[in-house]
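Single-letter residue listing:
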Amino acid sequence: MASFAKIGLNNKVIEVYSLHNNELKDSNGVEQEVNGIDFLTKLTGYPVWKQTSYNTHGGVHSSGGTPLRKNHAAIGYTYDEDRNAFIPKKPYTSWILNETTCLWESPITKPDDSNEYNWNEQNQTWDLI
């Protein structure tokens, strides 16, 4: 299956559709993003779509394939044209975008142990749950 994000105002993802891969194939049997966009535009009447990959997270493809647009799109994500990436909503004001993964990171590293933590924005700390 191929996934496509419907892009709205301010490049926000407003829906994600799945298509059979056959809808993307050209006359030579090669998958082309533009064919999926054309199919969805004809189906919905809406023209702005970007392909996304369910297997891509943080710029890595889980099956070792080629990652697509840094992260799988979800409703509320932003499509950043300059980075050609889907970026999730910023969870906290203090968090910083990692340019490699296009994921938000806390200003201090979360402890790497078996405990569970929540981010405390006011104190800028990871608090034990």
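Our structure is the block above this text.
This is a predicted model, so every value here is computed, not measured. Each chain has its residues counted from 1, running along the sequence as written. In keeping with the model being predicted, local features are shown solely for residues with a pLDDT of at least 70 and side-chain atom pairs are shown and tallied solely at 80 or more, while totals for entire chains, interfaces and linings include all residues. In computing side-chain properties, one takes all heavy atoms of the structure into account and sets aside hydrogens as well as water.

Engineer: Can you explain the pattern of salt bridges? Please cite residues and give values.
Structural biologist: Salt bridge, as used here, is a side-chain nitrogen of Lys or Arg placed within 4 Å of a carboxyl oxygen of Asp or Glu. Here the structure, examined in full by the defined rule, presents 4 salt bridges. A salt bridge links Arg 83 to Asp 80, with the shortest nitrogen-to-oxygen separation between them at 2.6 Å. Partly exposed describes any residue whose relative accessible area lies between the buried limit of under 20% and the exposed limit of over 50%, with all areas from a 1.4 Å probe on protein chains only and scaled to the type maximum. In this structure Arg 83 comes out as partly exposed when scored by relative accessible area, which is 33%. On the basis of relative accessibility, which here comes to 16%, the residue Asp 80 falls in the buried class. When salt bridges that share partners are traced, they join Asp 80, Arg 83 and Glu 99 into one network.

Engineer: Lay out helix 1 (residues 33–44) with the relevant residues and their values.
Structural biologist: Helix numbering and strand numbering both begin at the N terminus, where a helix is a DSSP run of H or I of at least 4 residues and a strand a DSSP run of E of at least 2. Each residue after the first adds 1.5 Å to the expected span of a helix. Relative to the 16 Å expected for 12 residues at 1.5 Å per residue, helix 1 spans 16 Å between its end C-alpha atoms, a close match to the ideal helical length. For helix 1, the full list of buried residues reads Gly 36, Ile 37 and Leu 40. Looking straight down helix 1, one finds its buried side chains confined to an arc of 100°; they lie on one side. Contacts are assigned to residue pairs that have any heavy atoms within 4.5 Å of one another. As for helix 1, its buried residues are in contact with strand 1 (2–7), strand 2 (13–19) and strand 3 (49–52). Once helix 1 finishes, Gly 45 follows within two positions and takes phi at roughly 80°, a positive value. Starting at the helix axis, one direction is taken to each C-beta atom, and the arc is that of these directions.

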